[in-house]
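Here is what each chain is made of, one letter per residue.
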Amino acid sequence: MRYDWKRLYSELSDCRKCGLCEARHNIVIGDGNPHAKLMFIGEGPGRDEDLQGIPFVGAAGQLLDKMLRAIDIERQDVYIANVVKCRPPNNRVPTYEEASMCLPYLRAQYALVRPEIVVCLGATAARNIIDKDIYITRDRGRWIEKNSVWFMATYHPAALLRDESKKRDAWEDLKSIKRRYDSIAKQQNT
């Protein structure tokens, strides 16, 4: 099935494919540049995101914004989405079944944005996007190329808020993302 943005938003507006729809306030689809070179994918909406209908607006989102600014990239220049579009109860990890119901929507977003770099924020995103056997502590920061698109997993900003010892590794990942981003921009300008 081929999507355009209007069809995607229309189909998602009343999605009831899994039980996550029961307690949601808003479906959280995505935010940012719909033609971005760089796409970030998280796990799912939290409380603030569910209330506002926008991904990464709570404490983790504010940290993500600071992280982007630290590498001279603005939030409006990237596209941000989540594996699941409705908040799991008590911010629990989405089940395999819940994620599998939303993945066609995420694939549609990916196809519409057509990013050249995809950064998976946390294990849930990395396992659903890159490889089901990925471990963030072991595999974060490693680039994987698939169909001329570069993928990397790194820590979710919420993990950095809980454990500051991960910030050094996250900073190295950010610098690597910036180098890749600048390299793609340079290639396109020559």
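Residues numbered from 1 in each chain as written. Predicted model: local features only at pLDDT ≥ 70, side-chain atom pairs only at ≥ 80, totals over all residues. Heavy atoms only, no water.

Engineer: Before we go on, may I ask you to explain the overall build of the protein chain in this structure?
Structural biologist: Scanning the protein chain from terminus to terminus reveals 8 helices and 6 strands. Along the chain direction, N to C, the helices and strands of the protein chain fall in the order α-β-β-α-α-β-α-β-α-α-β-β-α-α. Its C-alpha atoms give the protein chain a radius of gyration of 16 Å, near enough to 16 Å, the size a compact globule of 190 residues would have. On the principal axes, the C-alpha backbone points of the protein chain span a range of 45 × 40 × 30 Å. Counting every position in the protein chain, which comprises 190 residues, the buried fraction comes to 48%. The long-range share in the protein chain, meaning contacts at least 24 apart out of those at least 6 apart in sequence, stands at 70%. Per element, the accessible surface of the protein chain, about 10,100 Å² overall, is 47% carbon and sulfur. (Helix = DSSP H or I, 4+ residues; strand = E, 2+ residues; numbered from the N terminus. Rg over C-alpha atoms; globule rule 2.2 N^0.38 Å. Buried < 20%, exposed > 50% of the residue type's maximum accessible area, 1.4 Å probe, protein only. Contact = heavy atoms within 4.5 Å. Areas by Shrake-Rupley, 256 points an atom, 1.4 Å probe, with all protein chains shown as cover.)

Engineer: For this particular structure, what's the right way to read the pairing of strand 4 (residues 117-121)?
Structural biologist: On any regular strand, side chains alternate: one points to one face of the sheet, the next to the other face. Strand 4 sits mainly inside the fold: 5 of its 5 residues count as buried. By the alternation rule, side chains of strand 4 split into Ile-117, Val-119 and Leu-121 and Val-118 and Cys-120, which are all buried.

Engineer: Is there a simple way to explain the sheet that holds strand 2 (residues 38-42) in this structure?
Structural biologist: Two pairing modes exist for strands in a sheet, parallel and antiparallel, and in both the strands are linked by backbone hydrogen bonds. The sheet built from 6 strands is open, its strands ordered 1-3-2-4-6-5 with mixed pairing. In the strand order of this sheet, the two ends are held by strand 1 (30-32) and strand 5 (144-146), each with one partner. Put simply, the sheet's adjacent strands are angled 20 degrees from each other on average, direction ignored. Direction of pairing for strand 2 relative to strand 4: parallel, over a ladder of 4 bridges. (Pairing = 2+ DSSP bridges. Axes fitted to C-alpha atoms, helices over the stretch in contact; angles between N-to-C directions.)

Engineer: Please clarify how the pattern of salt bridges should be interpreted in this entry.
Structural biologist: In the structure shown here, the tally under the stated rule is 13 salt bridges. Put simply, Arg-142 and Asp-139 hold a salt bridge, and the shortest N to O gap is 3.1 Å. Overall, Asp-139 belongs to the buried group, its relative accessible area being 8%. Ionic contacts of the salt-bridge type, sharing partners, join the residues Asp-31, Asp-65 and Arg-75 into one network. (Salt bridge = Lys/Arg side-chain N within 4 Å of Asp/Glu carboxyl O.)

Engineer: In this structure, what is going on with helix 3 (residues 59-70)? I would like to understand it.
Structural biologist: One turn of the α-helix equals 3.6 residues, which is why residues spaced by three or four share an orientation. Over its 12 residues, helix 3 runs 17 Å from end to end, which matches the ideal 16 Å to within 8%, given 1.5 Å per residue. Among the residues of helix 3, Ala-60, Gly-61, Leu-63, Leu-64, Asp-65, Met-67 and Leu-68 are the ones counted as buried. The inward-facing, buried residues of helix 3 abut strand 2, strand 3 (79-82), strand 4, helix 7 (157-162) and helix 8 (167-188). (Expected span 1.5 Å × (residues − 1).)

Engineer: Just to check I follow, could you spell out helix 4 (residues 96-113) for this structure?
Structural biologist: Over its 18 residues, helix 4 runs 25 Å from end to end, which matches the ideal 26 Å to within 8%, given 1.5 Å per residue. Maximal helix bending in helix 4 amounts to about 40 degrees, located at Cys-102; proline Pro-104 follows within four positions. Close packing links the buried residues of helix 4 with helix 1 (5-12), strand 1, strand 2, strand 3 and helix 5 (123-129). Looking at the residues trailing helix 4, positive phi occurs at Arg-114, about 55 degrees. (Bend = angle between axes of the 7 residues up to and from the residue.)

Engineer: Help me out: how do you make sense of the nonpolar core in this one?
Structural biologist: When a protein is soluble and globular, its nonpolar side chains tend to lie buried together. Counting residues in each nonpolar core, the largest one holds 57 residues, and the members touching the most others are Leu-38, Phe-40 and Val-83. Among the elements that line this core, the one with the most residues is helix 4, at 8 residues. Ignoring any residue separated from it by four or fewer positions in sequence, one finds Leu-38 in contact with Ile-73, Val-78, Tyr-79, Ile-117, Val-119, Ile-177 and Tyr-181. (Core = buried A, V, L, I, M, F, W, Y, C linked by side-chain atoms within 4.5 Å.)

Engineer: Is there a simple way to think about the packing of aromatic side chains in this case?
Structural biologist: Remark: the centre distance and the inter-plane angle together describe each pair of aromatic rings, the angle taken between the planes. Per the counting criterion, the structure on display carries 4 aromatic pairs. Consider the rings of Trp-143 and Trp-150, whose centres lie 6.4 Å apart with planes at 90 degrees: the pair is edge-to-face. Take Trp-143: its relative accessible area is 18%, and that puts it in the buried class. These aromatic residues form a ring-pair network of at least three members: Trp-5, Tyr-9 and Tyr-79. Sitting over the face of the ring of Tyr-181, Lys-37 holds its NZ or CZ atom 5.4 Å from the ring centroid. Directly above the ring of Tyr-135 sits Arg-127, whose terminal nitrogen or CZ lies 5.1 Å from the centroid. (Phe/Tyr/Trp six-rings, centres within 6.5 Å; stacked < 30°, edge-to-face > 60°. Lys NZ or Arg CZ within 6 Å of the ring centre and 35° of its normal.)

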